[in-house]
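Spelled out, the chains give:
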Amino acid sequence: MEKIRKRKARIPHSQKSLSSSPEAKDVFPSVKENIDYIREQLVHSDDILERDIYFDDRHGKLIFIETLTDKYLIIESILKPLEQAKVGAVEHAITSSDFEIGKSLDKAVNWIISGKCLLFLEGIPEVYVCEASLSIKRGVKEPDNEGIVRGAHDGFIEHLITNIHIIRNRLENPNLVVRYFTLGRKSDTKIALVYMKGLAKEELVEEISRRLNLIPTDFILAPGFIGEYIEDDSYSPFPQLLYTERPDRTIAYLMEGRFAIFSEANPTAIIAPVTLFSFYQSPDDYHSRWMFGSLIRSIRFASFLIAFILPGLYISIVTFHPEVLPIELIYSVKSSIERVPYPSLIEAFFMELTLELIREAGIRLPTRVSQTIGIVGGLVIGDSVVQTGLVSLPMIIVVALTAISAFVVPSHEMSSTVRLLRFPLMIAASMFGFIGMTTGLFLIFTHLAKLETFGNPYFSPVMPFKLKGFKDTFIRFPLWHLNKSTKDSTPDQRNSEKAILGEGRK
Amino acid sequence: MNYSIKDKITPNQFLFFILQTQLGVGILSLAHQIHKDAKGGAWISVIMGGVISQVMIVIFWAFLKKNPASNFLQAMEKLVGKITAKGIVIGYSCFFALVTVLELSEYVRIITKWVFPETPVWINILIVAIAAVYLAKESLGTISRMYVFVSFLIIPLVIFTSLGFKNVHFTYPMPFLENGWLAILKGANMSFFYFLGYEAMLFTYFAVEGSDKDKLKAASMGNFFVTIVYAFTTYVCLISFAPDELPLVPEPVLYVLKSYSLHVIERIDLIFLSIWLVSVITSICSFVYLTSIGVAQLCKAKNHKKFVYWIAAVCCVCTTFTLTPHRGEILDEFIKIISYPFVFGIPILLFIISLFRGRKR
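What you see is a predicted model, and the numbers here were worked out from it, not measured in a lab.

1. A closer look at the overall build of chain B
The helix and strand inventory of chain B stands at 15 helices and zero strands. In terms of overall dimensions, chain B is globule-like: its C-alpha atoms have a radius of gyration of 20 Å, near the 21 Å expected for 361 residues. Per-residue burial over chain B gives 53% buried out of 361 residues. Within chain B, contacts between residues at least 6 apart in sequence are counted, and of these 84% link residues at least 24 apart.

What follows is the structure, given as structure tokens:
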């Protein structure tokens, strides 16, 4: 595990600065003092509710935040039992699923803002914390950005517990481990690290826990926040963590000894460590017959190459080496280019820019309006740009083909990377032709060769070369074949669905 | 410097390291140069060159094996004492730097002639130098990974060359022994320089994991592949060009490719040049890496990274001075002369010393 690059130690996040009082406050014996203190701490917010209670011949008060708690639950698990019991110990009477007795008032403030219900009794310097939080969640519907043809159609939602429930439900295995972390200095965000004990490398789990604990941010907005703090190389254009909203995909990765990170209020699971080829796999490959699955896989890889090589290749051919093309093709290409006064690099940049504009505009608009964008962008611009002589026809073909290829990638992050990478290649091609392209590609692949995520080579099994690993990269062998090959090379108790070898283990 | 975990490579990676270091600029002009002396028997000369290299690999291996040292400098210190060891490492580092300059200037000569006649020389140098430095500053593990990957490009290289069989006369090079065995030996002496690169063994041997036998096997296989590729291209050139034509074409491989076309791609020579460029980058990268490793060992530095930039910069600047034909020839001759002691003399001497040392123990 020395392979894992030790990141610079960051400042561990300090205590939350919610309470303004410097010294820790204990619970007062007087109910009124307690209530006043809590109200003060919560700046007399209007959604704090109290209710008087009489129990064990004492006056008590129940305090909770109306907008965070389930009123029905309070009635059922707190008020009714207390009413019935009348006397005795509070902990025996209350039927709430989570019950605690606390002494510190500062902690009580944290509890109440996390949706708990607090009970104070006159003369007892203790606070009773009952679970009554309200959870509103949507259905587990298939994510729009990762649709598949066949297979399970559920997806993660913005509720941590539900997400882990889906995983646990599918993966009935005592070795499935869930570890909770709390991140953020100003706001608690609950993070869950999920992995399979025995499949995931112990050092890997230690390393990821260490990195998670060092995240110094105030609050976590998106999984991208976590991703950027824990990834190995922030200066790489390649995504080193895989984001997915699909439970079946997540489970497949867990069974390969990788880990998943879930965060509260986010439907995205972060999967690591991954290789470049993970981004080109889709559950669909495993639902269709293996021959067709392999065909689709290889088409996806072809799209990877087309998306970032084709524009550069075209530019270098028309600028430097038109003689590479057959003579008939040169004539038609040249006659089209002659009408355009600009160098082909400018043409390409113009077209790529238009394309990105159309794409970006289309994302945020409602479906009915975005159709208009398609017509304006695709038909009007595409056609008239050639008519005007701004861009040549072959360039339109090249850019359109590139755009389609870039969107073939099942992962949004990798698709952006591919779109980004073609620009340096286009510049290199316009300056040095094939030689520039070769050098550019050499640099990119060198970068891939040195890139490692959590101690695993990113471009495995191509670099370092492992023939066995190819069974599930460019093509997909039948599943029984994958299982066999995995068992051959791994003596430990790892039975994986896919056979990317050497991952998560030395 | 000592090799860290990331510097450790497997015997297979070692094979490709040797292969990519050997396979460099030379492949384009090999047939032309050897044909000067050996005429039709040039391909025999090339094979003999490969055999000589193989013998030297065994000699290198003989004094490197069973040495418990962790790097070349330490191994030499055990063998010949501290001061001499330092001298040897300095010598080899300079030698590798000179080979870098030679490869660069040869590359510039060909690229200027074939692709960029108008482009300033320093830009041509930079294209290769940037790529080579970017790789050379990485660990040996990363470099070897990359070498294994780019070695797949040798397959199209060989396929393109074999397309040359379309229009050949097998009688052109015959009789093979036109000028007698002496001429062939002379050719072998010449071809031997095209095989330079297995000296990389000296500096990388201790980073390879595995038994001594595996390491020898790997290095030999690397050399064997290069011999095959070189002999094959030479033979294709010999049967494609009449004996009178060959002295007139300095890069026969490219002319062979230029003469025919596939229906999809018309100018295969341009594709070939692009692939050839990768081989050039890898061998320059190797030599820059080896030089920096030598310097790092001398300076007892932690890693070789910071030396790579300086060494590459110095080599690039030196290259610009070697570009007139006259100076180029002088450099060529000079390196030919000094390779004898560095590739034959010193290793054989070390081998003999190690024999005596071994007996004493």
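2. Brief notes about the overall build of chain A
Across its full length, chain A carries 16 helices and twelve strands. When its C-alpha atoms are laid out on the principal axes, chain A stretches across 100 × 60 × 45 Å. Expressed as a percentage of its 506 residues, the buried residues of chain A come to 39%. A separation threshold of at least 6 residues defines the contact pool for chain A, and within that pool the share at least 24 residues apart is 66%.

3. Observations regarding the interface of chain A and chain B
Every contact between the two is made by 22 residues of chain A and, on the other side, 21 residues of chain B. Per-class residue counts for the side of chain A that touches chain B are 14 nonpolar, four polar and four charged.

4. Side note on the domain arrangement of chain A
Here chain A is partitioned into domain 1 (31-131), domain 2 (144-272) and domain 3 (288-456). The C-alpha-based centres of domain 1 of chain A and domain 3 of chain A are spaced at 62 Å.

5. Focus: the sheet that holds strand S2 (residues 58-65) of chain A
Residue and element names in this part refer to chain A. The sheet built from five strands is open, its strands ordered S1-S2-S4-S5-S3 with antiparallel pairing. At either margin of the open sheet sits one strand with a lone partner, and together these are strand S1 (48-55) and strand S3 (99-102). Between one strand axis and the next, the sheet turns by 25° as a mean value, whatever way the strands run. Strand direction decides the pairing type here: strand S4 (residues 116-121) and strand S5 (residues 127-131), joined by five bridges, are antiparallel. For cysteine 117, the partnering residue across the bridge sits in S5 and is cysteine 130. Taken strand by strand, helix H4 (residues 105-113) contacts S2, S3, S4 and S5, and its axis lies near 140° from that of S4.

6. Concerning the sheet that holds strand S9 (residues 259-263) of chain A
All names here are of chain A. Strand order in this open sheet of five strands is S6-S7-S9-S10-S8, and the pairing throughout is antiparallel. Both outer strands of the open sheet, strand S6 (176-183) and strand S8 (242-244), are each paired with one neighbouring strand and no more. Averaged over neighbouring strand pairs, the angle between their axes works out to 25° when direction is ignored. As paired elements, S8 and strand S10 (residues 269-272) share three bridges and run antiparallel to each other. By the bridge assignment for S10, threonine 244 is matched with alanine 269. Contacts from helix H6 (residues 202-213) reach S6, strand S7 (189-196) and S9, with the element oriented near 170° to S7.

7. Digging into the pairing of S6 of chain A
All names here are of chain A. Taken together, the eight bridges between S6 and S7 define a ladder with antiparallel strand orientation. Paired with leucine 176 across the bridge in S7 is methionine 196. Count of turn residues in the S6/S7 antiparallel hairpin: five residues, of which glycine 184 carries a positive phi of about 100°.

8. What about the environment of proline 410 of chain A?
Residue and element names in this part refer to chain A. Position of proline 410 among the secondary structure elements: in the loop between helix H14 (393-408) and helix H15 (412-450). Accessibility expressed as a C-beta count within 10 Å gives 23 for proline 410, which makes it buried. For the pair proline 410 and tyrosine 280, spaced 130 residues apart in the sequence, the C-alpha separation amounts to 6.1 Å. Residues within four places of proline 410 in sequence aside, it is in contact with Glu146, Phe279, Tyr280 and Ser282.

9. What to know about unusual backbone geometry
With the exception of glycine, the majority of residues adopt a negative phi angle, and the majority of peptide bonds are in the trans configuration. Residue proline 273 of chain A is reached from alanine 272 of chain A by a cis peptide bond, and omega for that bond is -10°. In this structure, proline 273 of chain A sits in the loop between S10 and helix H9 (283-287). Residue serine 460 of chain A is joined to proline 461 of chain A through a cis peptide bond whose omega torsion reads 0°. Even without being a glycine, histidine 44 of chain A presents a positive backbone phi close to 50°. Inspection of the secondary structure puts histidine 44 of chain A in the loop between helix H1 (31-41) and S1. Look at lysine 300 of chain B: it is not a glycine, yet its phi comes out positive at around 55°.

10. Comments concerning the environment of aspartate 214 of chain B
Residues and elements named next belong to chain B. Residue position: aspartate 214 is located in helix H11 (residues 212-240). Classification of aspartate 214 as partly exposed rests on a count of 16 C-beta atoms within 10 Å. As for aspartate 214 and glutamine 13, which are separated by 201 residues in sequence, their C-alpha atoms are 12 Å apart.

11. Here we look at the nonpolar core
The nonpolar side chains of a soluble globular protein tend to be buried, and buried together. Among the nonpolar cores identified, the biggest contains 206 residues, and Ala260 of chain A together with Val128, Ala132, Ile281 and Val288 of chain B are the most heavily contacted of them. Top element by residues in this core is helix H13 (residues 268-299) of chain B. It accounts for 18 residues. For this core, the two domains that each supply at least three residues are domain 2 (144-272) and domain 3 (288-456) of chain A. Not counting residues up to four positions away in its chain, the partners in contact with alanine 132 of chain B are Ile281, Ile284, Cys285, Val288 and Ala312 of chain B. Grouped together as the second largest cluster of nonpolar side chains are 28 residues, Val27, Ile78, Ala108 and Leu119 of chain A included.

12. As for H14 of chain A
Residue and element names in this part refer to chain A. Taking 1.5 Å per residue, 16 residues should reach 22 Å; H14 reaches 23 Å between its end C-alpha atoms and fits that length. Of the positions making up H14, those classed as buried are Met395, Val398, Val399, Thr402, Ser405 and Ala406. Buried residues in H14, looked at end-on, bunch into an arc of 130°, giving them a common side. Opposite its buried face, H14 presents the exposed residues Ile397 and Ile404, each directed more than 90 degrees away.

13. Here's the deal with the packing of helix H4 (residues 72-80) of chain B against helix H5 (residues 82-114) of chain B
Residue and element names in this part refer to chain B. Contact geometry of H4 with H5 gives a least axis separation of 7 Å together with a crossing angle of 135°. Classed by the angle they form, the pair H4 and H5 counts as oblique. Crossing hand, H4 versus H5: right-handed. Two secondary-structure elements touch here, H4 through Phe72, Leu73, Met76, Glu77 and Val80 and H5 through Lys82, Thr84, Ala85, Ile88 and Val89. Its residues assigned to classes, the contact of H4 with H5 shows seven nonpolar, one polar and two charged.

14. Overview of the packing of H5 of chain B against helix H6 (residues 121-136) of chain B
The geometry of a pair of packed helices is captured by two quantities: the angle between their axes and the separation between those axes. Residue and element names in this part refer to chain B. In contact at an axis separation of 10 Å, H5 and H6 are set at 115° when each is read in the N-to-C sense. Seen from above, H5 lies across H6 with right-handed handedness. Facing Leu104, Tyr107, Val108, Ile111 and Thr112 of H5, the residues of H6 in contact are Val121, Asn124, Ile125 and Val128. Tallied by class, the residues present in the contact of H5 with H6 amount to seven nonpolar, two polar and no charged.

15. Digging into the environment of threonine 320 of chain B
Tracing the backbone through its elements, the reader meets threonine 320 of chain B in helix H14 (residues 305-320). For the pair formed by threonine 320 of chain B and tryptophan 122 of chain B, sequence separation is 198 residues and the distance between their alpha carbons is 7.2 Å.

16. Description of the pairing of S7 of chain A
Pairing of S7 of chain A with S9 of chain A involves four bridges; the strand directions are antiparallel. Among the inter-strand pairings, isoleucine 191 of chain A is bridged to a residue of S9 of chain A, identified as serine 263 of chain A.

Cut-offs used in this document
Residues numbered from 1 in each chain as written. Chains lettered and ligands numbered in written order. Predicted model: local features only at pLDDT ≥ 70, side-chain atom pairs only at ≥ 80, totals over all residues. Helix = DSSP H or I, 4+ residues; strand = E, 2+ residues; numbered from the N terminus. Rg over C-alpha atoms; globule rule 2.2 N^0.38 Å. Buried ≥ 20, exposed ≤ 12 C-beta atoms within 10 Å, placed from the backbone. Contact = placed C-beta atoms within 7 Å. Nonpolar A, V, L, I, M, F, W, Y, C, P; charged D, E, K, R; others polar. Domains from an automatic or database assignment. Pairing = 2+ DSSP bridges. Axes fitted to C-alpha atoms, helices over the stretch in contact; angles between N-to-C directions. Core = buried A, V, L, I, M, F, W, Y, C linked by C-beta atoms within 7 Å. Expected span 1.5 Å × (residues − 1). Arc of directions from axis to C-beta. Parallel < 35°, antiparallel > 145°, perpendicular 65-115°, else oblique. Left-handed = near helix turned anticlockwise from the far one by under 90°.

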